[in-house]
6 protein chains.
Amino acid sequence: LPEARQRTAVPGVATGLAVTGAGGDVLYVEASLADAETGSTGVALTGQLGDVMKESAHIALSYLRSRGAELELPVADLKDRGVHVHVPAGAVPKDGPSAGVTMTTALASLLSGRPVRGDVAMTGEVSLTGRVLPIGGVKQKLLAAHRAGITTVLIPARNEPDLDDVPAEVLRELDVRPVSDVREVLEVALESATAPAAAAA
Amino acid sequence: LPEARQRTAVPGVATGLAVTGAGGDVLYVEASLADAETGSTGVALTGQLGDVMKESAHIALSYLRSRGAELELPVADLKDRGVHVHVPAGAVPKDGPSAGVTMTTALASLLSGRPVRGDVAMTGEVSLTGRVLPIGGVKQKLLAAHRAGITTVLIPARNEPDLDDVPAEVLRELDVRPVSDVREVLEVALESATAPAAAAA
Amino acid sequence: LPEARQRTAVPGVATGLAVTGAGGDVLYVEASLADAETGSTGVALTGQLGDVMKESAHIALSYLRSRGAELELPVADLKDRGVHVHVPAGAVPKDGPSAGVTMTTALASLLSGRPVRGDVAMTGEVSLTGRVLPIGGVKQKLLAAHRAGITTVLIPARNEPDLDDVPAEVLRELDVRPVSDVREVLEVALESATAPAAAAA
Amino acid sequence: LPEARQRTAVPGVATGLAVTGAGGDVLYVEASLADAETGSTGVALTGQLGDVMKESAHIALSYLRSRGAELELPVADLKDRGVHVHVPAGAVPKDGPSAGVTMTTALASLLSGRPVRGDVAMTGEVSLTGRVLPIGGVKQKLLAAHRAGITTVLIPARNEPDLDDVPAEVLRELDVRPVSDVREVLEVALESATAPAAAAA
Amino acid sequence: LPEARQRTAVPGVATGLAVTGAGGDVLYVEASLADAETGSTGVALTGQLGDVMKESAHIALSYLRSRGAELELPVADLKDRGVHVHVPAGAVPKDGPSAGVTMTTALASLLSGRPVRGDVAMTGEVSLTGRVLPIGGVKQKLLAAHRAGITTVLIPARNEPDLDDVPAEVLRELDVRPVSDVREVLEVALESATAPAAAAA
Amino acid sequence: LPEARQRTAVPGVATGLAVTGAGGDVLYVEASLADAETGSTGVALTGQLGDVMKESAHIALSYLRSRGAELELPVADLKDRGVHVHVPAGAVPKDGPSAGVTMTTALASLLSGRPVRGDVAMTGEVSLTGRVLPIGGVKQKLLAAHRAGITTVLIPARNEPDLDDVPAEVLRELDVRPVSDVREVLEVALESATAPAAAAA
Ligand SMILES: [Ca+2]
Ligand SMILES: [Ca+2]
Ligand SMILES: [Ca+2]
Ligand SMILES: [Ca+2]
Ligand SMILES: [Ca+2]
Ligand SMILES: [Ca+2]
Ligand SMILES: [Ca+2]
Ligand SMILES: [Ca+2]
Ligand SMILES: [Ca+2]
Ligand SMILES: [Ca+2]
Ligand SMILES: [Ca+2]
Ligand SMILES: [Ca+2]
């Protein structure tokens, strides 16, 4: 069973894609909500995240906080329950805006209780209005997704021209979906609430 | 359909103008208000904003907080709803006071529910009393607005002499409006509440 | 109409004097109070103010907070209404203690609703007990006030000897008032509440 | 009586393993909860912990705060009782993610009142969902555990290949348990509540 | 009338002594309490104070907060009224522990409403239990006090040997009082509440 | 009367031992609690304490906050009364974990109202569970205690071997007590509540 399927077996975890010194890699964004009875509030961000990546987490949260009704998410849970967003591995510094869609998806999964599909990975900056903005490293990211056994990858629509650089055999085995609004990401990536991941460990 | 029209289709987004290493460029100031039930309060500012630009956001907020009645804006919404101002792209550092009018307009649009006109861009520092103070880079900014399909540009009245440097063919296709108070900006830039942007995506 | 008269047309703005790289200059201290219904509290200081100048703002506020009854100012307004003190231009770093009288005057004007006279400028450090302490650059500051059309300038009494260096023709056209307590500044500079600036734009 | 048995005699202390300049070493993670009547709240982290190790403590706390019901831990105690996590010796800087399992265990021991077994040591990064992620220095850590009289060591399952480098005579005297979820650590390491450490000093 | 008498005419101001680059100098510690109705709380420290001098202010406050009953001071006033301690001149950096007695005296004067005697200056570190600890620069400080028209100077008892270095004619005109507890300072320096400074400006 | 006896005459002061550039020295840890009516809360730490020494103070407080019932200390006093820990002299930077026992003792003395014995000094790191951990400079510290007229010194049990380096004539005049738990320190060092220091100044 591929790693991504195990990692995303519980609501609150989404599979992202990063460019590293050694090509591309899969990363997991994990989100949790404290039990209300613990009295925890506020937002914790861990995983040695740089300034830009921390801002992505705040943008994802504000997007959900302002669109809760529209997205049918129980955002009132955020009032009395501290949110924590973590990106393992804990000692590896990470930065950049391209985990925006992944953070938004992990948080929407957590709030809705709908797990993220284990065969889906994603990359893209998100604006405060939910627009998916272009990012770099499409080729390395698709190669990394393919190596990790991912079969569907969501990329920003404005990055479609970058697909020219991706080997045809990789594109053949991947379902690459260009998106321009993060709602499209949520529609593809979230399992239905009534069909929980049967294969989860 | 030009980008600016899509970006400003929802209330809370205004089109600004910036000087970059490569001439001028259009930028979008996005503002959001958290649902009151999320318990979010305070002000978040993202987009790798420098000190001066963060101060512009605080000046814009204080201007609206102290002139709410006069401007007929429901500023009491700011009490229990966290405000977030973001300026994409998330990884590009930005600074300077010239987004003051754009920030004020994005926030007034958000509070009033009146979208900003998609054919209007603006530049200008704002003082705490709402005066529009002069800025730099008028020529590059007007050229960028023109390239982006903008047809109306608001500039500080004290920058009118800089129009001498702008090519006549650009000025012919732009409606350039010199302003000295930010209320003039709001009067020109905000759509009427009863006539929502029909062309919005 | 001179700039200073326009800038000080609303309560909360006072005209100060600064020494810059290019001689002296007029600066405006602007103060605002948030509407109580916005829930804003605390103190915001903007305009790229240095440590010493920020301390001047806190001294001005503490002076007014501790002398409210004596000065017949409605200081209870400070409880539920956030204060913002801004000194344009927003991108120019400013520092030093000599805006103390100007900050105290802007805030007293704001609280009392009495505008500051548009023909008056001022300079002087203020102590926590309201004493006006000496500052530097008297000559450059008086020249700048004169150039800006100001007719009355308040200076610290202990700076009177510096007037020897000011050209006689400038002194002839200026009413220079040495003061040793900030209450003298307020008496001279604030318009009466019942006679609002008729000439204001 | 070995040191580890004394140190872990009270609930709230777990034995970890670290790589130091001079090979490996045993370290103790200590956790305490303030009496509710002291009014203390929040989280204190001491022991000259680096950024990554502080994040490990926050991840451990968030894991427990979000899984309290599932783990049958009285996490409501965290509401009105300040938590303190300390790692002696106080003057030695420490960093890295590998104390994640030890921190989670010390906190779970504290909350449950079940002491940690004195013959057990552990190492492993923990993710926000409780997964045990691989760490470095397995050989040095097992040698240090062996020297300290530890008989059971919990390591990340993904570190099993590193056991090849550990001398056979050490492995013979150690019960090394590879784990992939921090719940497995808690099951092995926590004494039953009804059988308190009789040998404790 | 000497400067010190004017400065200390109101409760809350005490005359201290400092060593500067150019020998010794008199300094004034000013303290104020916000009107309770302004909602101000907390402690503000201004005058470009260094770390050690800020700590002196906190020690002075804690001493008074813990000994209020014993000293018959209305310390409950500190609950709802923000305290501000300022040391002019605002642009001159100041540091060191020797203003401890001066800060304690200014605050005790403020709370009691008893002005500080205008002919008294003081120097000395204060411990949290009110002990007066030795300081440096006794000679320069006494010379400065003498020049400023001060007639009584309080110094730490442990600094008595330093009086050997002070010119006899200066000592003849000064009443130098060695003290070992800050209560002795308060007894000497505070005017009686019923005999307000008649000579005050 | 030796200095230490005077300094520890009131509850809340304990005598510690430090290594300085010039051998060893005695230091005093002073603790105070604000009157509840002052509204002060929180923890203040002064005396130019380094990071490690500040952490020692937090460990001492957390130890007492979590063991209040067991130690029969009225820790509920900490709820509404700000704590201040100061280590004179105020201008001398201090660091290291070896004042842990001294800080714990000063705070326990303050809470219990039992003064610390004036003939006792102590050194030792404290862990969060109250264990006394070894420190450096035993020889210099014992020599300093002896010079200061101290007759009983508490040291960590694990530092007993260091006594070999201390001159026999010093050991003969000192009662050196090795301890492994901070409760042993409190039992030796605190006067009984019913027998207040008669000799105190
Ligand atoms: Ca950065
Ligand atoms: Ca495909
Ligand atoms: Ca800057
Ligand atoms: Ca035109
Ligand atoms: Ca500075
Ligand atoms: Ca004149
Ligand atoms: Ca780091
Ligand atoms: Ca084995
Ligand atoms: Ca310092
Ligand atoms: Ca004398
Ligand atoms: Ca340090
Ligand atoms: Ca002995």
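Our subject is the structure listed above.
Residues numbered from 1 in each chain as written. Chains lettered and ligands numbered in written order. Predicted model: local features only at pLDDT ≥ 70, side-chain atom pairs only at ≥ 80, totals over all residues. Heavy atoms only, no water.

Lay out the relation of the copies chain D and chain F in plain terms, naming residues and giving numbers.
When chain D is fitted onto chain F, the two copies agree to an RMSD of 0.0 Å after a turn of 60° and an axial shift of 0.0 Å. Taken together, the rotation and translation describe the operation of a six-fold axis. In terms of C-alpha distance to the rotation axis, chain D has D:G42 as its closest residue, with the C-alpha 12 Å off the axis. (Least-squares fit on C-alpha atoms with pLDDT ≥ 70 in both.)

Give a detailed account of the pattern of salt bridges, specifying residues and quantitative values.
All names here are of chain B. Inspection of every chain in the model, using the stated rule, returns 48 salt bridges over all chains. One salt bridge connects D181 with R183, and the closest N-O pair in it is separated by 3.2 Å. Judged by its relative accessible area of 34%, R183 falls in the partly exposed class. (Salt bridge = Lys/Arg side-chain N within 4 Å of Asp/Glu carboxyl O. Buried < 20%, exposed > 50% of the residue type's maximum accessible area, 1.4 Å probe, protein only.)

So what about the side chain of A:T105? Which residues, and what values?
Mapped onto the secondary structure, A:T105 falls in helix α4 (residues 100-112). At 2.7 Å, the side chain of A:T105 forms a polar contact with the backbone oxygen of A:V101. (Helix = DSSP H or I, 4+ residues; strand = E, 2+ residues; numbered from the N terminus. Polar contact = N/O pair within 3.5 Å; in protein donor to acceptor, adjacent residues only side chain to side chain.)

Help me get a handle on the interface of chain B and chain C, residues and values and all.
Of the residues lining the interface, 24 residues belong to chain B; the matching set on chain C comes to 26 residues. Together, the buried faces of chain B and chain C total about 1900 Å²; carbon and sulfur atoms form 56% of this surface. Connecting chain B to chain C are one salt bridge. With a closest N to O distance of 3.6 Å, C:E3 and B:R158 form a salt bridge. Connecting chain B to chain C are nine residue pairs in polar contact (both at pLDDT 80 or more). Secondary structure elements with two or more residues in the side of chain B that touches chain C: α2 (51-71), α3 (77-80) and β6 (125-126) of chain B. No other element matches the 11 residues that α2(B) contributes to the side of chain B that touches chain C. Within the side of chain B that touches chain C, the residues separate by chemical class into 10 nonpolar, six polar and eight charged. (Contact = heavy atoms within 4.5 Å. Buried area = accessible area lost by both parts, 1.4 Å probe. Nonpolar A, V, L, I, M, F, W, Y, C, P; charged D, E, K, R; others polar.)

So what about the pairing of strand β4 (residues 83-86) of chain F? Which residues, and what values?
Residues and elements named next belong to chain F. Burial of the side chains of β4 extends over both faces: V83 and V85 are buried on one face and H84 and H86 on the other. Judged from the four bridges that link them, strand β2 (residues 23-33) and β4 form a sheet pairing that is antiparallel. Residue pairing for β4: A31 is matched across the bridge by V85. In this sheet, β4 lies alongside strand β3 (residues 43-46) in parallel orientation, the contact comprising four bridges. Paired with T46 across the bridge in β4 is H86. (Pairing = 2+ DSSP bridges.)

Requested: an account of the interface of chain D and chain F, with residues and values cited.
The partner chain F presents 22 residues to the 26 residues of chain D that form the contact. Between chain D and chain F, roughly 1900 Å² of surface is buried when both sides are summed, and carbon and sulfur atoms account for 56% of that area. Interface area lost by chain D to chain F is led by D:E37, D:T38 and D:Q48, which between them contribute 24%. Along the contact surface separating chain D from chain F lie one salt bridge. Where chain D meets chain F, there are 10 residue pairs in polar contact (both at pLDDT 80 or more). Breaking the side of chain D that touches chain F down by element, the ones donating at least two residues are α1 (3-7), β2 (23-33), β3 (43-46) and β4 (83-86) of chain D. Ranked by residue count, the leading element in the side of chain D that touches chain F is β2(D), at four residues.

Explain helix α5 (residues 138-147) of chain B to me, and be specific about the residues and the numbers.
At 3.6 residues per turn, the α-helix brings residues three or four places apart onto the same side. Residues and elements named next belong to chain B. Here α5 has its buried residues at V138, K141, L142, A144 and A145. Projected onto a plane normal to the axis of α5, the buried residues spread over an arc of 160° and lie on a single side. Buried residues belonging to α5 abut β1 (13-20), β2 (23-33), β8 (152-156), α6 (168-173) and β9 (175-179). (Arc of directions from axis to C-beta.)

Any details on the environment of D:D181? Residues and values, ideally.
Residue and element names in this part refer to chain D. Here D181 lies in the loop between β9 (175-179) and α7 (182-189). Residue D181 is classed as buried on the basis of its relative accessible area, which comes to 16%. It is 21 Å that separates the C-alpha atoms of D181 and K54, two residues lying 127 residues apart in sequence. Not counting the four nearest positions on each side in its chain, D181 is found in contact with Y63, T129, G130 and V132. Reaching out from D181, the side chain makes a polar contact with the backbone nitrogen of R183 at a distance of 2.8 Å.

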